[in-house]
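Listed here are the chains, written in short residue letters.
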Amino acid sequence: MISPLKVAHTADESQIIEFFQESVGQWLSERRYYTLPDGDTKEIQSMITIRFLEAGCDQLQQLAHIHNLNNAVMLICGAEVNWSSTDTLKNRQESQGSTLFGALGSTLYRDRGFATSKPVTAKYSFPNPKTLCLRTEYNGSVFEEELKLVGSKYRTRQTIISRAGEQLMIGQYLEKRID
């Protein structure tokens, strides 16, 4: 009897698979951005839908292609995130769109960044199984993000954006599962 081929994953890869799977669903995201050093604030509410992407799916193959990864390289999993955001203080549509994430090793590949429509990569790690930390650098800026699953119904996020060693903005988020 021949046993099916099994792919061995690193600890981080196993954790990112589980983290993405636990994040699947619809979320109401309420966040506040603090601009530093003056302290101006912006409050945003978003509807977010997260879908898990299996290794080898069309979206992950497309993501690997735009990152110029070798055809033999397969991203181990990913997520598709769709959002629609409203500025709650000004009561107006802020943005809407989607982005793809794909993981391999300790790198998270994205089809776009927070402040760019170009493909970017982030280094990711897990200080514990329920907390994902990301560090993304492009265009002279550094984005440090922490996403934490709190039970099965909540997520918290914090983003710190820096340039030339100076912190420019802090974003704090509470996300509630609504499905």
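Residues numbered from 1 in each chain as written. Predicted model: local features only at pLDDT ≥ 70, side-chain atom pairs only at ≥ 80, totals over all residues. Heavy atoms only, no water.

Some thoughts on the overall build of the protein
Thinking step 1. Of regular secondary structure, the protein possesses two helices and 10 strands.
Thinking step 2. At 17 Å, the protein has a C-alpha radius of gyration in line with the 16 Å of a compact globule built from 179 residues.
Thinking step 3. Once the C-alpha set of the protein is aligned to its principal axes, its extents read approximately 65 × 40 × 30 Å.
Thinking step 4. Expressed as a percentage of the 179 residues in the protein, the buried residues total 37%. (Helix = DSSP H or I, 4+ residues; strand = E, 2+ residues; numbered from the N terminus. Rg over C-alpha atoms; globule rule 2.2 N^0.38 Å. Buried < 20%, exposed > 50% of the residue type's maximum accessible area, 1.4 Å probe, protein only.)

Structural notes on the nonpolar core
Thinking step 1. Residues Ile16, Phe20, Cys77, Leu108, Tyr124 and Leu132 are the most contacted members of the largest nonpolar core, which totals 22 residues.
Thinking step 2. Sorting the residues of this core by element identifies α1 (11–23), β2 (41–54), β3 (77–87), β4 (92–104), β6 (120–128), β7 (131–138) and β8 (141–150) as the ones contributing at least two each.
Thinking step 3. The greatest single-element share of this core, amounting to four residues, is contributed by α1.
Thinking step 4. The contacts of cysteine 77, once residues within four sequence positions are left out, are Ile16, Ile17, Phe20, Phe52, Leu53, Ala55, Leu60, Phe101, Gly102 and Ala103.
Thinking step 5. Leu60, Ala64, Leu100 and Tyr109 belong to the second largest nonpolar core, which has nine residues in total. (Core = buried A, V, L, I, M, F, W, Y, C linked by side-chain atoms within 4.5 Å. Contact = heavy atoms within 4.5 Å.)

Thoughts on a nonpolar patch on the surface
Thinking step 1. Among the surface-exposed residues, Val150, Tyr154 and Leu174 lie close enough to one another that they form a single nonpolar patch of about 240 Å² accessible area.
Thinking step 2. Considering the arrangement of structural elements, one finds valine 150 in strand β8.
Thinking step 3. Classification of valine 150 by relative accessible area gives partly exposed; the value is 40%. (Patch = residues over 30% accessible without salt bridge, like charges linked within 9 Å, V, L, I, M, F, W, Y side chains within 5 Å. Areas by Shrake-Rupley, 256 points an atom, 1.4 Å probe, with all protein chains shown as cover. Salt bridge = Lys/Arg side-chain N within 4 Å of Asp/Glu carboxyl O.)

Focus: the confidence of the model for the protein
Thinking step 1. Looking at the protein as a whole, its pLDDT mean stands at 91, while 93% of the residues score no less than 70.
Thinking step 2. Low confidence marks residues 1–7, where pLDDT is under 50. Its contacts with residues over four positions away, or in another chain, come to zero contacts. (pLDDT = per-residue confidence, 0-100.)

Section: the packing of aromatic side chains
Thinking step 1. Summed over the entire model, instances satisfying the criterion amount to seven aromatic pairs.
Thinking step 2. Ring plane angle 55 degrees and centroid distance 6.5 Å describe the contact between phenylalanine 20 and phenylalanine 101, whose orientation is recorded as tilted. Separated by 81 residues along the polypeptide, phenylalanine 20 in helix α1 and phenylalanine 101 in strand β4 bring together distant segments of the chain.
Thinking step 3. Ring geometry for tyrosine 138 and phenylalanine 143: centres 4.9 Å apart, planes at 20 degrees, overall stacked.
Thinking step 4. Given a relative accessible area of 12%, tyrosine 138 falls into the buried group.
Thinking step 5. Every member of this aromatic cluster is reached through a ring pair, and the members are Tyr33, Phe114, Tyr138, Phe143 and Tyr173.
Thinking step 6. One cation-aromatic arrangement involves arginine 155 over tryptophan 27; the distance from NZ or CZ to the ring centre is 5.2 Å.
Thinking step 7. Of note, arginine 157 hangs over the ring of tyrosine 173, and the distance from its end group to the ring centre comes to 4.1 Å. (Phe/Tyr/Trp six-rings, centres within 6.5 Å; stacked < 30°, edge-to-face > 60°. Lys NZ or Arg CZ within 6 Å of the ring centre and 35° of its normal.)

Here we look at the layout of surface pockets
Where empty space is left in the structure can be found by rolling a water-sized probe over the atoms.
Thinking step 1. Roughly 850 Å³ of volume is contained in the largest pocket.
Thinking step 2. Residue lining of the largest pocket: 35 residues in total, with Trp83, Arg110, Phe114, Arg157 and Tyr173 positioned closest to the centre.
Thinking step 3. Sort the elements by how many residues they give to the lining of the largest pocket and β2 lands first, with five residues.
Thinking step 4. Of the residues contributing to the lining of the largest pocket, the split by class is 18 nonpolar, eight polar and nine charged. (1 Å grid on protein atoms, 1.4 Å probe; cavity = no way out; pocket = protein on both sides within 12 Å on 5 of 7 lines; lining within 4 Å. Points joined across faces, edges and corners; volume = space filled by probe spheres on them. Nonpolar A, V, L, I, M, F, W, Y, C, P; charged D, E, K, R; others polar.)

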